Amino acid sequence: MYTSLPVADNIFWVGANDRRLERFENLFPLEKGVSYNSYLIIDEKTCLMDTIDGNFIEPLMENVMAVLQNRPLDYLVINHMEPDHAAAITRLCGEFPQLKVVGNSKTLNMIQQFFDFDIAPFFHEVKEGDTLALGRRTLQFINAPMVHWPEVMFSYETSEKILFTADAFGTFGALNGAMFADEVDFEAEYLNEARRYYANIVGKYGPQVQAVLKKAAKLEINQIFPLHGPIWRENLGWFINKYDLWSRYQPEEAGVVIAYGSMYGNTENTAEVLASMLAGAGVKTVRLYDVSKTHTSYIMGEMFRYSHIVLSAPTYNAGIYLPMATLLHDMHELNLQNRKAAIISNGSWAPMAHKLMQAKLAECKNMELLAEPFVINSCLKPAQMPGLQQLADAIATSVNGLE
Ligand code: FEO
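Conventions and cut-offs
Residues numbered from 1 in each chain as written. Predicted model: local features only at pLDDT ≥ 70, side-chain atom pairs only at ≥ 80, totals over all residues. Heavy atoms only, no water. Helix = DSSP H or I, 4+ residues; strand = E, 2+ residues; numbered from the N terminus. Expected span 1.5 Å × (residues − 1). Buried < 20%, exposed > 50% of the residue type's maximum accessible area, 1.4 Å probe, protein only. Contact = heavy atoms within 4.5 Å. Axes fitted to C-alpha atoms, helices over the stretch in contact; angles between N-to-C directions. Parallel < 35°, antiparallel > 145°, perpendicular 65-115°, else oblique. Left-handed = near helix turned anticlockwise from the far one by under 90°. Nonpolar A, V, L, I, M, F, W, Y, C, P; charged D, E, K, R; others polar. Pairing = 2+ DSSP bridges. Phe/Tyr/Trp six-rings, centres within 6.5 Å; stacked < 30°, edge-to-face > 60°. Core = buried A, V, L, I, M, F, W, Y, C linked by side-chain atoms within 4.5 Å.

Caption draft 1: The arrangement of helix 6 (residues 191–202) in detail. Taking 1.5 Å of rise per residue, 12 residues should cover 16 Å, and helix 6 covers 15 Å from first to last C-alpha, within 8% of that figure. Among the 12 residues in helix 6, 11 count as buried, and that is most of the element. Buried residues of helix 6: L191, E193, A194, R195, R196, Y197, Y198, A199, N200, I201 and V202, and no others. For helix 6, the elements touching its buried residues are strand 4 (23–24), strand 5 (28–29), helix 5 (186–189), helix 7 (206–217), helix 8 (236–247) and helix 10 (296–305).

As structure tokens, then:
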């Protein structure tokens, strides 16, 4: 049975929810699933806004056919060519021989790379600012390169002022009946997953997100239709502000993320003692994560949220304990910056991790180390408690100064 739903006057959601996929991009755990949104506009011309993941082509086709009611599909706008949105292009061109596939020159290259059929007879190239008249509605195209791939466009529907934003303003988490962010408790149900999605999928491209936010600021926008997660029709400024903070790499809140790696519990114990000291010094928000247990994507989401970071790990093969090395790699690759930090390391005979972690952290922009790295040898000793308290006090003074 089709699952298409009206989401605006003669605009229908024709996408699908994926609760089976274990990992998005075969990397990121999907505890709450993900939606692939596709929107069908019915006007004098019919127009599909993006397609769907390869596992959901049949549900998409069923939804599209149910809404079209024997009309042909005139246009397919490709705002993003990543396969989670573009897998049904071939099928649609086969089903509708008169279809025009709308995209920019980079879209065309990618279609030719991903598919083996001749797209030329179908392709309708557009450039920044070009418009497409559908009847009552008109679409205007806005390039949004690297949000999250180079070919990405936003499409602006001018009569109801709807912005189709590709991956931007999307979130992990399947839709559970409600289609609109204002129909759910977004902060409780989706915000952490929206931040994790942003940090890990788009986080590297903050300057490009800032560039498109500046373009969007010139438009009157009533609704945001992303390719993942709920649609926005109320309180847009609240979510746009989150995007502004994340893309400027500014924390949302004062708080400390302690990410630790620990082989036998001794480095973990030091992290736990530090957390207690921070709480005792009045720090209200402390989040502890075991880097061997918690997928890096969740820790990255938390690091995009909070102002302070403590990294704690043992030396391993004269290097950094591997899960911590992975986290540091991601911090750099995802461009995390503007945080206050501290380092704790452990080494039983030749402690090295603190030096290596400090060097890795220095590769991230504008990371301020609040104290010299705190080093334990095998385990924390009573004689070191005053030193750890000093570190806790330095962190607490810095955090509490932000509140
Ligand atoms: Fe949802 Fe960049 O694809």
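Caption draft 2: Main features of the packing of helix 6 against helix 8. Between helix 6 and helix 8, whose axes approach to 11 Å, the crossing angle comes to 40°. Overall, the two elements helix 6 and helix 8 adopt an arrangement that is oblique. For the pair helix 6 and helix 8, the sense of crossing is right-handed. For the pair helix 6 and helix 8, the contacting residues are L191, A194, R195 and Y198 in the first and W238, F239, K242, Y243, W246 and S247 in the second.

Caption draft 3: Representation of the packing of helix 9 (residues 266–280) against helix 13 (residues 385–400) within the structure. One can describe the packing of helix 9 onto helix 13 by two numbers: an axis separation of 9 Å at closest approach and a directional angle of 55°. Regarding the angle of helix 9 to helix 13, the classification is oblique. Between helix 9 and helix 13 lies a crossing whose hand is right-handed. Listed contacts from helix 13 to T270, V273, L274, M277 and L278 of helix 9 are M385, L388, Q389, L391, A392, I395 and A396. Looking at the contact of helix 9 with helix 13 residue by residue, the class counts come to 10 nonpolar, two polar and no charged.

Caption draft 4: Structural view of the pairing of strand 1 (residues 5–8). Where strand 1 lies against strand 2 (residues 11–13), three bridges are found, and the strand directions are antiparallel. Bridge pairing in strand 2 places L5 opposite W13.

Caption draft 5: Focus on the packing of aromatic side chains. Inspection of the entire model under this criterion finds 27 aromatic pairs. Judged by centre distance (6.3 Å) and plane angle (90°), the ring pair of F239 and W246 falls under edge-to-face. Each member of the pair F239 and W246 is classed as buried. Arranged with centres 5.5 Å apart and planes meeting at 50°, the rings of Y243 and W246 form a pair that is tilted. A residue pair is termed a helical-turn pair when its members lie 3 or 4 positions apart in one helix, as Y243 and W246 do in helix 8 at three residues. For the residue pair Y243 and W246, the accessibility class agrees, reading buried in each case. Taken together through their ring pairs, the aromatic side chains of F169, F186, Y190, Y198, W232, W238, F239, Y243, W246, Y249 and F304 make up a single cluster.

Caption draft 6: Focus on the nonpolar core. If you look at the biggest cluster of nonpolar residues, it comprises 124 residues, and the most contacted ones within it are V101, L139, M303, L311, M324, L327 and M331. Sort the elements by how many residues they give to this core and helix 6 lands first, with seven residues. Leave out the neighbours within four places in its chain, and M331 touches M300, M303, I309, L311, L336, L361, C364 and M367. By size, the runner-up hydrophobic cluster in this structure holds 23 residues, among which are V256, M277, L391 and A396.

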